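# Secondary and tertiary structure notes
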Amino acid sequence: MKTLLIVFHSLTGGTRQMAQAAAAGAQTEAHLRVRLQTAAQTMPEDVLAADGYIFATPENLAAMSGIMKDFFDRCYYPALERINARPYATLICAGSDGQNAARQIERIATGWRLKAIAAPLIICTHAQTPEAILAPKTIAAAELARCRELGASLGAGLAMGIF
């Protein structure tokens, strides 16, 4: 049985909703194990044990969150050269454009020699004031459906051995 590891960080709930939707989509595959974990609790052995990944982060100050960066810092070298060619996808909950956070994850995934199965899925909340940025987020149903579809696609590909 293949394993999909979804690693996320969320302070205001938006990224958590996106990661949960992706997990729900992937869980439609009977022959797939889906592990949804916070970045803080994810260790190198979790990365090594998975067959594919979804990395989900908020955009903070035009970058991935610090806790997500910490996850990559802790896991990068222990997994280097040991997870080559595994598939991944990225979810970003952004206040403005999310492109830099996506670029950061892409560079790390390139170093790990992972294969992107889709362009980063960036959902923009347009939160621009301190109050809006720190407020709890509710992601629209249509946007969550896109996250579910991405999870289902990656899950199906893993389960069928396409990736």
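Definitions and cut-offs
Residues numbered from 1 in each chain as written. Predicted model: local features only at pLDDT ≥ 70, side-chain atom pairs only at ≥ 80, totals over all residues. Heavy atoms only, no water. Core = buried A, V, L, I, M, F, W, Y, C linked by side-chain atoms within 4.5 Å. Buried < 20%, exposed > 50% of the residue type's maximum accessible area, 1.4 Å probe, protein only. Helix = DSSP H or I, 4+ residues; strand = E, 2+ residues; numbered from the N terminus. Contact = heavy atoms within 4.5 Å. 1 Å grid on protein atoms, 1.4 Å probe; cavity = no way out; pocket = protein on both sides within 12 Å on 5 of 7 lines; lining within 4 Å. Points joined across faces, edges and corners; volume = space filled by probe spheres on them. Nonpolar A, V, L, I, M, F, W, Y, C, P; charged D, E, K, R; others polar. Expected span 1.5 Å × (residues − 1). Pairing = 2+ DSSP bridges. Right-handed = clockwise from strand over helix to strand, strands pointing away. Salt bridge = Lys/Arg side-chain N within 4 Å of Asp/Glu carboxyl O.

Across soluble globular proteins, nonpolar side chains have a tendency to be buried as a group. Counting residues in hydrophobic clusters, the biggest one holds 26 residues, and the most contacted among them are Val47, Tyr53, Phe55, Phe71, Phe72 and Trp112. Within the residue set of this core, elements represented by two or more residues are strand E1 (2-8), strand E3 (52-60), helix H3 (66-79), strand E5 (87-94) and helix H4 (99-112). Those residues in contact with Phe55 that lie beyond four places of it in its chain are Val7, Met68, Phe71, Phe72, Tyr88, Ala89, Thr90, Leu91, Ile105, Trp112 and Leu114. One finds Leu32, Leu91, Cys93 and Ile139 within the second-largest nonpolar core, a separate group that totals 24 residues.

On to the layout of surface pockets, then. The computed volume of the largest pocket comes to approximately 410 Å³. In terms of lining residues, the largest pocket is bounded by 22 residues, among which Pro58, Glu59, Asn60, Gly95 and Ile133 are the most central. Contributing elements (two or more residues each) for the lining of the largest pocket: helix H1 (14-26), E3, E5 and helix H5 (130-134). Its residues assigned to classes, the lining of the largest pocket shows nine nonpolar, 11 polar and two charged. Within this model, the second largest pocket holds a volume of roughly 150 Å³. In this structure, the second largest pocket is lined by Tyr88, Ala89, Thr90, Gln99, Ala102, Arg103, Glu106, Ala116, Ala118, Ala119, Pro120 and Ile122. Secondary-structure elements contributing two or more residues to the lining of the second largest pocket are E5 and H4. By residue number, the principal contributor to the lining of the second largest pocket is H4, which donates four residues. Its residues placed into classes, the lining of the second largest pocket shows eight nonpolar, two polar and two charged.

We now examine H1. The α-helix winds at 3.6 residues per turn, so residues separated by three or four positions along the chain end up facing the same way. The end-to-end C-alpha separation of H1 is 19 Å, in line with the 18 Å expected for 13 residues at 1.5 Å each. Next to the buried residues of H1 lie E1, strand E2 (32-38), E3, E5, strand E7 (121-124) and helix H6 (141-160).

On to the pairing of E2, then. Where E1 meets E2, seven bridges bridge the pair, whose relative direction is parallel. Directly across from Val7, in E2, lies its bridge partner Gln37. Regarding topology, H1 serves as the crossover connection from E1 to the parallel E2, and that connection is right-handed.

Here we come to the pattern of salt bridges. Here the structure, examined in full by the defined rule, presents five salt bridges. Asp70 is paired through a salt bridge with Arg74; the nearest N and O atoms lie 2.8 Å apart. One end of the pair is Asp70 and the other is Arg74, both in helix H3 and four residues apart, which spans about a single turn. Judged by its relative accessible area of 33%, Asp70 falls in the partly exposed class. Residue class for Arg74 comes out partly exposed when judged on its relative accessible area of 26%.

At Ala85, a residue that is not glycine, the phi angle is positive and equals roughly 75°. Looking at the secondary structure, you find Ala85 in the loop between H3 and E5. Relative accessible area serves as the criterion here: at 41%, Ala85 is assigned to the partly exposed category. The phi dihedral of Arg113 is positive, around 60°, even though this residue is not glycine. Counting through the fold element by element, Arg113 comes out in the loop between H4 and strand E6 (115-116).

Nothing here speaks to function; it is all geometry.
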